[in-house]
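Observations on the model geometry
Below, each chain spelled out in residue letters.
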Amino acid sequence: VFGLGGTGGFRDGDSGSAQFDEPVGLDYADGRLYVGLRDHVEVFDAAGQSLGSWERLGPRAFLTSIVVTKNDVFVADAGNSVVLRYDLAGTLMGRIGEKDASRNVPGLIVPSAYFDVAVAPDGLLRVADPGRLRIAFTSTPLLPSTVHEDCIKGVEATARLCRELGHDVIEA
């Protein structure tokens, strides 16, 4: 997503004059385009009119991926080694992947900008943990929906199989 003339750079403005310097991710849902930039998210309507700019995340932020669901926006921030969970209005609802000794969660290690987040068709969030070369999974739905019992059993069986094959597998 660059300016109409195809030139890079950054300039706030309407759909005819705005330019984004290196967008890192795009997702479209319910007539809104969510654009992940280096340190924040911009939202546009279907006509390209700006609906707002979410709060900048500071100098360490390095957004690398964005995915929108029915009720949430998940943003991978490689600079802070965390996945941010927002509501559709841009209110930060939580941080996924931070170290939590009380739950024996070691936290994500993200040594580069190769950090991705996705929501699979079963409704479960998938997060890369590139620094540990490990597979992190959860069988707890992160979205406000019910996940079929067979899907949860499938995720757990896959995690067991990967562990048996010698992979480092943890529950996130």
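Above this text you will find the structure in question.
Notes on the structure in this doc start here. Bear in mind the structure is a predicted one, so any value in this text is a computation, not a measurement. (Residues numbered from 1 in each chain as written. Predicted model: local features only at pLDDT ≥ 70, side-chain atom pairs only at ≥ 80, totals over all residues. Heavy atoms only, no water.)

**Some words on the pairing of strand 8 (residues 92-96)**
To keep it simple, the criterion reads: When DSSP locates at least two bridges between a pair of strands, those strands are taken to pair. Each helix corresponds to a stretch of at least 4 residues labelled H or I by DSSP, and each strand to a stretch of at least 2 residues labelled E; elements are numbered beginning at the N terminus.
Bridge count between strand 7 (residues 82-87) and strand 8: four bridges; the pairing is antiparallel. Considered in strand 8, the bridge of L84 is made with R95.

**Things to note about helix 1 (residues 149-164)**
Short version of the rule: Multiplying 1.5 Å by the residue count of a helix minus one yields the expected span of that helix. Using a 1.4 Å probe on the protein chains alone, a residue whose accessible area is under 20% of its type maximum counts as buried, one over 50% counts as exposed, and one in between counts as partly exposed. Think of the arc as the fan of directions from the helix axis to the C-beta atoms. Contact between two residues is taken to exist if any of their heavy atoms lie within 4.5 Å; hydrogens are not considered.
Taking 1.5 Å as the rise per residue, helix 1 with 16 residues should run 22 Å; its terminal C-alpha atoms sit 23 Å apart, in good agreement. Listed in full, the buried residues belonging to helix 1 are I152, V155, A159 and C162. Down the axis of helix 1, the smallest arc covering the buried residues is 95 degrees, so these residues share one side. More than 90 degrees from the buried face of helix 1, the exposed residues found are E149, D150 and E164. Summarising the contacts, the buried residues of helix 1 are in contact with strand 10 (125-127), strand 11 (135-137) and strand 12 (169-171). Just downstream of helix 1, G166 is the residue with a positive phi angle, here 105 degrees.

**Thoughts on the sheet that holds strand 4 (residues 50-53)**
The test is simple: Only the stretch in contact is used when fitting a helix axis, every axis being a line fitted to C-alpha atoms; angles between N-to-C directions are given from 0 to 180 degrees.
Overall, antiparallel pairing links the four strands, which are arranged 1-2-3-4 in an open sheet. With partners counted over all chains shown, the strands left at the sheet margins are strand 1 (25-29) and strand 4, one partner each. Pairwise comparison of adjacent strand axes, ignoring direction, gives a mean angle of 15 degrees for this sheet.

**Describing the layout of surface pockets**
Where we set the bar: As defined here, a cavity is a set of points on a 1 Å grid over the protein atoms alone where a 1.4 Å probe fits but cannot get out. A pocket is an open set with protein on both sides within 12 Å along at least five of seven lines, and residues line them when an atom is within 4 Å of a point. Grid points are joined across faces, edges and corners, and a volume is the space filled by probe spheres set on the points. Charged residues are taken to be Asp, Glu, Lys and Arg, nonpolar residues to be Ala, Val, Leu, Ile, Met, Phe, Trp, Tyr, Cys and Pro, and polar residues to be all remaining types, Gly included.
Looking at the largest pocket, its volume works out to about 390 Å³. Every residue lining the largest pocket is counted, 20 residues in all, and those nearest its centre are I96, G97, R103, T138 and A172. Elements supplying a minimum of two residues to the lining of the largest pocket: strand 8, strand 10, strand 11 and strand 12. With three residues, the top contributor of residues to the lining of the largest pocket is strand 10. Considered as a void within the structure, the second largest pocket measures approximately 150 Å³ in volume. If you trace the second largest pocket, you find 13 residues lining it, with L125, R126, V127, A136 and F137 closest to the centre. Listing elements by their share of the lining of the second largest pocket, those giving two or more residues are strand 9 (117-119), strand 10 and strand 11. By residue class, the composition of the lining of the second largest pocket is nine nonpolar, one polar and three charged.

**Thoughts on the side chain of S65**
Note the following rule: In protein, a polar contact means a hydrogen-donor-capable atom and an acceptor-capable atom, both N or O and within 3.5 Å, with residues adjacent in sequence counting only if both atoms are side-chain atoms; elsewhere, any N or O pair within 3.5 Å suffices.
Relative to the helices and strands, S65 is located in strand 5 (residues 63-68). By relative accessible area, S65 is classed as buried at 8%. Within polar-contact distance, the side chain of S65 engages the side chain of D116 at 2.6 Å. Apart from the residues lying within four places of it in its own chain, the contact partners of S65 are F74, V75, A76, F115, D116 and V117.

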